[in-house]
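Structural overview
The residues making up each chain are set out below.
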Amino acid sequence: MDYVSTRGSAPVLGFDDVLLAGLARDGGLYLPREWPHFSPAEIRAMRGLSYPELAARVMRPFMAGSVAEPELSRLCAESYAGFTHPAVAPLRQIGADQWVLELFHGPTLAFKDYALQLVGRLFDHVLTHRGERVTIVGATSGDTGSAAIESCRDRSAVDILILHPKGRVSEVQRRQMTTVLSSNVSNLAVEGTFDDCQDLVKSLFADSAFRDEVRLSAVNSINWARVMAQIVYYFSAALSLGAPDRPVGFSVPTGNFGNIFAGYCARLMGLPIQRLVVGSNTNDILTRFFESGVMQSGVVVPTLSPSMDIQVSSNFERLMSLVLNGDGALVTDLMTGFRQTGTMALPQGAWESMRPLFSAYRFDDAETLATMRWLKRETGETLDPHSAIGIAAGFRAVLEPGLPMVALATAHPAKFPDAVEQATGTRPGLPPHLANLFERPERMETVANDAGAVKDAVRTFVGRGRA
Ligand SMILES: *Cc1c(COP(=O)(O)O)cnc(C)c1O
């Protein structure tokens, strides 16, 4: 399968190279040149597959020519073997047409495990095959970092450094990263926001000499393989609710737009998704965009859902590229303008073409807590603040009667115990494999919000690891 950059001027690459590259050399994001499409009969034939079997079936076309059977099936089986629920991604009914897709049964209790457990293994597989080694650098607003570290800690062909905004991730999130003391893992606490961390990572990648020097690579949400692996649970949920013979909607608590974009991909592949509903917290750049057609970045405000505390949704560029029919020059112009001015207006027709499918709603912390409290009372479900925003958005959306609406629950309540206690009066406990998290020793390094300082930290770490 060939991949092209959203900005149109980076080389066309195969799956392996897209996996390892992360960001394209022209600053864009990779997308498949042609979308695989499953007929209704092919989707029907997926019913009854286990989650790992479904994963291999759905993702196989994207890796054609790169990862062949039986490796793909083996990698999928290994990736989901450590999940603590037998269904991997179970669905729970919470109303007549409302469902919750629980995506928090992986090792770090957030939906990011569903992609990263596979991506870490794909990296190791491809690099070992090539006799190469890379340095993975990523920015996290909380959950990506621990999931990435967890997926790379036992791999021989990678070093991993994760930047997080100092003091702006929950203690559970921080400890899930900093208590991993493996010699190929390093944590950098940046004096800045998540967007600063993300900008630092981007500037490292933009420096080609540095990029080659340390063999820089990424597993953050701009990596195509992450999006690809997330497509699987949209299939899994829709199949359970009657696809391809019954349409379905999804509501998704959204930050970087990676998760909900995977739903858009599933739709391009033939899954009958009728609605995609974005849930935002107070950092509502996407909600304002879907209301107005204008993307305008603001100041990041800390909320109870820190994994969504961002003002620039990187993966949105992928959707933009698709609705602009792959016009790389136009995407480049729009993104360059956005970077310079903080504002970007999409051509009217492009915005209008998104509106029948997408809608978006914002919820502040008080509304988030009220949703959590209401859910506990009405359904007995305890949910984390991110998941609550997804559910609230699903309930608020105006839908065709009878359309099943699946809200994606993206984190386990125990990742955000303070908010859960504030909302429900009960403090959720960590599951057994993380029970002693607060007693484990931590290791991290504080760095200034400065690309030079971060490069030095990467060089030192990689030099030490490889000396
Ligand atoms: C990362 C994350 C999100 C946001 O997902 P995107 O793919 O960035 O939109 C939402 N909830 C939780 C718990 C997360 O970890």
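On a predicted model such as this, the values are computed, not experimentally measured, just so you know. (Residues numbered from 1 in each chain as written. Predicted model: local features only at pLDDT ≥ 70, side-chain atom pairs only at ≥ 80, totals over all residues. Heavy atoms only, no water.)

This next bit is on the environment of phenylalanine 250. Checked against the element boundaries, phenylalanine 250 lands in strand E10 (residues 248-253). On the basis of relative accessible area, phenylalanine 250 is assigned to the buried category, the value being 0%. Measuring from C-alpha to C-alpha, the distance between phenylalanine 250 and leucine 101 comes to 9.5 Å, with 149 residues separating the pair along the chain. Residues within four places of phenylalanine 250 in sequence aside, it is in contact with Tyr234, Ala237, Ala238, Ile273, Arg275, Leu276, Val277, Met405, Val406 and Leu408. (Helix = DSSP H or I, 4+ residues; strand = E, 2+ residues; numbered from the N terminus. Buried < 20%, exposed > 50% of the residue type's maximum accessible area, 1.4 Å probe, protein only. Contact = heavy atoms within 4.5 Å.)

Mapped onto the present numbering, the UniProt feature "modified residue: N6-(pyridoxal phosphate)lysine" (unreviewed entry) falls at Lys112. Its location among the elements puts lysine 112 in helix H5 (residues 112-130). With a relative accessible area of 10%, lysine 112 lands in the buried category. Among all residues touching lysine 112, those that are not within four sequence positions of it are Asp143, Thr144, Ala147 and Arg226. (UniProt positions renumbered as here; feature names shortened; annotations may be inferred.)

As a further point, take the sheet that holds strand E5 (residues 98-102). A sheet is described by the order of its strands in space; here 6 strands give the open sequence E4-E5-E15-E10-E11-E14, paired in mixed fashion. Taken across any chain shown, the strands that pair with only one partner, and hence form the sheet edges, are strand E4 (91-93) and strand E14 (358-362). When strand polarity is set aside, the average angle formed by the axes of neighbouring strands in this sheet is 25°. In this structure, E5 lies alongside strand E15 (residues 405-409), joined through 5 bridges in parallel fashion. From the neighbouring strand, glutamate 102 faces E15, where its bridge partner is alanine 409. Sitting on the sheet, helix H11 (residues 258-268) is in contact with E10, strand E11 (273-280), E14 and E15, with an inclination near 175° to E11. (Pairing = 2+ DSSP bridges. Axes fitted to C-alpha atoms, helices over the stretch in contact; angles between N-to-C directions.)

Every one of the 15 residues lining the ligand counts as a neighbour, but Lys112, Asp143, Gly255, Asn256 and Asn259 are closest to it. For the ligand, an oxygen atom lies 2.5 Å from a polar atom in the side chain of lysine 112. Here asparagine 259 contributes a backbone N or O atom positioned 2.8 Å from an oxygen atom of the ligand. Surface burial for the ligand is 97%, taken as the share of its 380 Å² of free accessible area covered by protein chains. Its atoms largely coinciding with the cavity grid, the ligand occupies the largest cavity. Residue composition of the shell around the ligand, by class: 5 nonpolar, 8 polar and 2 charged. (Near = heavy atom within 4 Å. Polar contact = N/O pair within 3.5 Å; in protein donor to acceptor, adjacent residues only side chain to side chain. Areas by Shrake-Rupley, 256 points an atom, 1.4 Å probe, with all protein chains shown as cover. 1 Å grid on protein atoms, 1.4 Å probe; cavity = no way out; pocket = protein on both sides within 12 Å on 5 of 7 lines; lining within 4 Å. Sits in = over half its atoms within 2 Å of the grid points. Nonpolar A, V, L, I, M, F, W, Y, C, P; charged D, E, K, R; others polar.)

Judged by pairing direction, the sheet is parallel, and its 5 strands sit side by side in the order E9-E6-E7-E8-E16 without closing on themselves. Where the open sheet ends on each side, the last strands, each with one partner, are strand E9 (216-217) and strand E16 (445-447). Both strand E6 (residues 134-139) and strand E7 (residues 158-165) contribute to a ladder of 6 bridges, which runs parallel. Within E7, the position partnered with isoleucine 136 by the bridge is isoleucine 160. On the sheet, helix H6 (residues 143-152) packs against E6, E7 and strand E8 (185-190) and is oriented at approximately 165° with respect to E7. Packed on one face of the sheet, helix H8 (residues 194-206) meets E6, E7, E8 and E9 and runs near 150° to E6.

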